[in-house]
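If you want the building blocks of each chain, they are given just below.
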Amino acid sequence: MDWVAKWICPNTELGEICPVFEKEFQLNGDICKANLFLTALGVYEAVLNRERVGEFVLAPGWTAYRKRLQYQQYDVTNLLQTKNHISITVGKGWYHGRMPGWGGSPVQKELQENPVGILMQLEILYCDGRKEIISSDETWTVSESNIRFSEIYDGEICDALFQDLDKKPVTVFHGPFHTLIAQQGEEVREQERLTPVQIIMTPKKETVIDFGQNLTGYVEISIDAKVGEEIVISHAEVLDSEGNFYTENYRGAKAIYRYFCKEGKQTCHAKLTFYGFRYIRLDHFPKNPKPEQFQAVVLHSNLKRTGQFRCSNSLLNRLFENIIWGQKGNFVDVPTDCPQRDERLGWTGDAQVFIRTACYNFDTEKFFTKWLKDMAADQGENGRIGHVVPDILQNPKASAAWGDAATICPWELYLAYGNSEILNTQFDCMKRWIEYIGSTTTDPYLWIGGEHYGDWLGLDAASGSCKGSSREDFIASAFYAHSVSLVIKAGKVLKKDISNYELLYQNIVRKFRETFPEYKTQTECVLAIYFGLADDCMTTAKQLAEMIHAAKDQLQTGFVGTPYLLHVLSDYGYEELAYTLLLRTKYPSWLYPVTKGATTIWEHWDGIMENGEFWSKDMNSFNHYAYGAVGDWIYGVAAGICPVEEHPGYQYAVIAPKPDVRLDWLEASLETRHGKIYSGWRKQDNIWRYEVETPVKTKVIIAGKTHEVTKGSYVFYSEIK
Ligand code: BGC
């Protein structure tokens, strides 16, 4: 892309007000093609001749801005006329936002020193072959837009009446060109609309609208109003035990939308920010609200849905829906921990925990490929991987299981989509992560010391701590082994010399076994088995099953152990116990939140406790996808559709369903790059009847028996034991 455009910004300080950049221009002749190239330091909305340009909300998206800034290309051929007017409004977005909520980000501080500016180039090809370029330069004007405030956490204020007649010249500034890249991720777009399920008058006499679903986006309001009438809405995920509107878990995020009306009929919504919510409170509303005046507009990255699931248990079906909604709500250009409180950051640990489930549910290849490039761009010189990507925290120390996203995520993408290019692009980043561990540990073959999140939110945590009781050196060393094993696997695919990693791996495994001969927690057992570190996996699985029984059939694992827990049980003959954990409805369990009305996955197993009170005020998200990682066991073991290392991307499939008598039927399907795989089972006349459909050669394993089949639909039976 050859840029002739210049970066422009306001020539005066506008404070909190969002600037609008404008230009009028004339064209002469019939237009054959017109492409608009646009980016901003902030988030923009462009309007050409009264029509919104494109569908990307929160463009240009969030990247490691100091290294990579996306620009978008829009075909605007049909929007142009002889006389044209373009306006581009820019909000703080992620670039200038006050992220993270607890402050102190060196990166944000550096970014905030840059002005709120835009770069636009419109390339026109006339039908007679002439070319013309209209671009941002000194001839543009800038003024105050009617968006008086917009910020990621705090929300937006719009005054529909406001019109700035004082259009000022812009300033041309030295904005970034060397970091510009064409759009790589999926665009964030409006995806669906939900209508209110009820309007509630709470005990505190507040008017609250319930959309019935925790989601990410904004509310669109239609109103017939008088000039200057005011609408103020607040957002919340839950009501408290008394039924009152509850916002404490948003912490510092104000999440307000405020709108001053013009005369007559109008529709409004936030334009340059988003909210995570199920409920809104009408803090000010001119008239009696009617449900038809409100729509919740769901925003997320434009991902194609690929996985489906249903079974005879309605709570499990709702859990699955919650996993899907957790993904929708947190896949807003970057995979985030949560979409509501003053975080909304690309936590690497959360992403690695959930990625396999994410790849079943939706086609996330492009989405994660972009994010992994940001990870590589933000990687420290010593190979350090940030706790979050884009890495605005710049913590000098990486954490095990968070930084390991560097190896786990590319490998999972490769397994799901079969494209070795992702390994190729990330290989250097993967290797450098291993080097980082080597440089920071005090033992060459274990990861000893450092600062880690441990088995985050494990239930075996000491009182008052968020870290489960699994030993940090144990977890860090186990992930060290796992990451090295993934570098070896990736290296083999890429045909690289990986002999030194093989040697390192053998040494880590040897040293691990010497140093950690015993497993003290559920998570320690899980990691030892899943990462192939236990001498005797069968015995360790037995120990794990006994620990679970001793805990009254309850899981105690946190972020680190939970994703693999059911897998290690079912891999070693304890599938009945795996189902017991999955189908359990009492706390702690996946279904407990469902019984409490959850519509997304909670950060804590008991975000709302049995007595109706909240787990805590400040660490209690109700839309945190991490524990939704159980989705991959549902697809991969219960339905039995799982990726095969030797044949990534389902070029060849293995379908090995594992039914359980507590369910009458279960089915799942996956739209792969080679076509749709379906697997279902049901009880029929006291036997299991399985149906399988595959687009490729497949190994079907039913009750331990293997059947090799080719493309087609098949029925199998097995005894109910
Ligand atoms: C986030 C998590 C994250 C964690 C680090 C939290 O505040 O919400 O999901 O992984 O910090 O332990």
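Here the structure is shown first, and the text comes after it.
My aim in this report is to walk through the structure given alongside it, one point at a time. Everything numeric in this text was worked out from a predicted model, so none of it was measured.

A look at the side chain of Glu230
Logical step 1: One can find Glu230 in strand S18 (residues 230-236).
Logical step 2: Its relative accessible area of 19% is what places Glu230 among the buried residues.
Logical step 3: Each residue touching Glu230, except ones within four places of it in the same chain, is listed here: Arg258, Tyr259, Phe260, His284, Phe285 and Pro286.

Here's the deal with the site of the ligand
Logical step 1: Taken together, the neighbourhood of the ligand is formed by Asp337, Arg341, Glu343, Trp347, Asp350, Trp402, Tyr453, Trp456, Phe559, Glu603, Met619 and His624.
Logical step 2: Residue Glu343 places a side-chain N or O atom 2.7 Å away from an oxygen atom belonging to the ligand.
Logical step 3: Trp402 has a polar side-chain atom sitting 3.0 Å from an oxygen atom of the ligand.
Logical step 4: Taken by itself the ligand offers 310 Å² of open surface, and the protein chains cover 96% of this.
Logical step 5: Grouping the amino acids of the shell around the ligand by side-chain chemistry returns six nonpolar, one polar and five charged.

Re the packing of aromatic side chains
Each pair of aromatic rings is reported with the distance of its centres and the angle of its planes.
Logical step 1: A full pass over the atoms with the stated rule returns 45 aromatic pairs.
Logical step 2: With 4.1 Å between their ring centres and 15 degrees between their planes, Trp605 and Tyr627 make a pair best called stacked. Placement of Trp605 in the loop between helix H14 (591-595) and helix H15 (631-638) and of Tyr627 in the loop between H14 and H15 is noted, with a sequence separation of 22 residues between them.
Logical step 3: Under the relative-accessibility criterion, Trp605 is labelled buried at 3%.
Logical step 4: Look at Tyr627 and you get buried, because its relative accessible area is 3%.
Logical step 5: In this arrangement the basic side chain of Arg130 is found over the ring face of Tyr126, its NZ or CZ atom lying 4.1 Å from the centre.
Logical step 6: The lysine or arginine in question, Arg305, covers the ring of Phe362, its NZ or CZ lying 5.8 Å from the ring centre.

Describing the sheet that holds strand S30 (residues 641-642)
Logical step 1: Spatially, S30-S31-S35-S36 is the arrangement adopted by the four strands of the open sheet, whose pairing is mixed. In this open sheet, the two strands that pair with only one neighbour each are S30 and strand S36 (705-709).
Logical step 2: Alignment of S30 against strand S31 (residues 653-655), held across two bridges, turns out to be antiparallel. From the neighbouring strand, Cys642 faces S31, where its bridge partner is Val654.

Section: unusual backbone geometry
Logical step 1: Note the cis peptide between Ala59 and Pro60, where omega equals 10 degrees.
Logical step 2: As for its position among the elements, Pro60 is in the loop between strand S5 (51-52) and strand S6 (69-75).
Logical step 3: The linkage connecting Met99 with the following residue, Pro100, adopts the cis geometry, with an omega of -10 degrees.
Logical step 4: Tracing the sequence through the fold places Pro100 in the loop between helix H1 (93-96) and helix H2 (106-112).
Logical step 5: At Asp333, a position not held by glycine, the phi torsion is positive, near 70 degrees.
Logical step 6: For Asp333, the location among the structural elements is in the loop between strand S27 (331-332) and strand S28 (334-335).
Logical step 7: The backbone of Gln394 sits at a positive phi, close to 55 degrees, despite the residue not being glycine.
Logical step 8: Turning to its location among the elements, Gln394 is positioned in the loop between helix H5 (365-378) and helix H6 (405-417).

Side note on the sheet that holds strand S26 (residues 307-311)
The strands that make up a sheet pair up through hydrogen bonds in the backbone, lying either parallel or antiparallel.
Logical step 1: With antiparallel pairing, five strands are arranged side by side in an open sheet as S26-S32-S33-S34-S37. Every other strand in the sheet has two partners, leaving S26 and strand S37 (712-719) as the edge strands with one partner each. On average, each strand axis in the sheet is tilted by 10 degrees relative to the strand beside it, whichever way the strands run.
Logical step 2: Pairing between strand S32 (residues 665-672) and strand S33 (residues 675-684): eight bridges, direction antiparallel. Looking at S33, one finds that Trp665 is bridged to Arg682.

Reading guide: rules and limits
Residues numbered from 1 in each chain as written. Predicted model: local features only at pLDDT ≥ 70, side-chain atom pairs only at ≥ 80, totals over all residues. Heavy atoms only, no water. Helix = DSSP H or I, 4+ residues; strand = E, 2+ residues; numbered from the N terminus. Buried < 20%, exposed > 50% of the residue type's maximum accessible area, 1.4 Å probe, protein only. Contact = heavy atoms within 4.5 Å. Near = heavy atom within 4 Å. Polar contact = N/O pair within 3.5 Å; in protein donor to acceptor, adjacent residues only side chain to side chain. Areas by Shrake-Rupley, 256 points an atom, 1.4 Å probe, with all protein chains shown as cover. Nonpolar A, V, L, I, M, F, W, Y, C, P; charged D, E, K, R; others polar. Phe/Tyr/Trp six-rings, centres within 6.5 Å; stacked < 30°, edge-to-face > 60°. Lys NZ or Arg CZ within 6 Å of the ring centre and 35° of its normal. Pairing = 2+ DSSP bridges. Axes fitted to C-alpha atoms, helices over the stretch in contact; angles between N-to-C directions.

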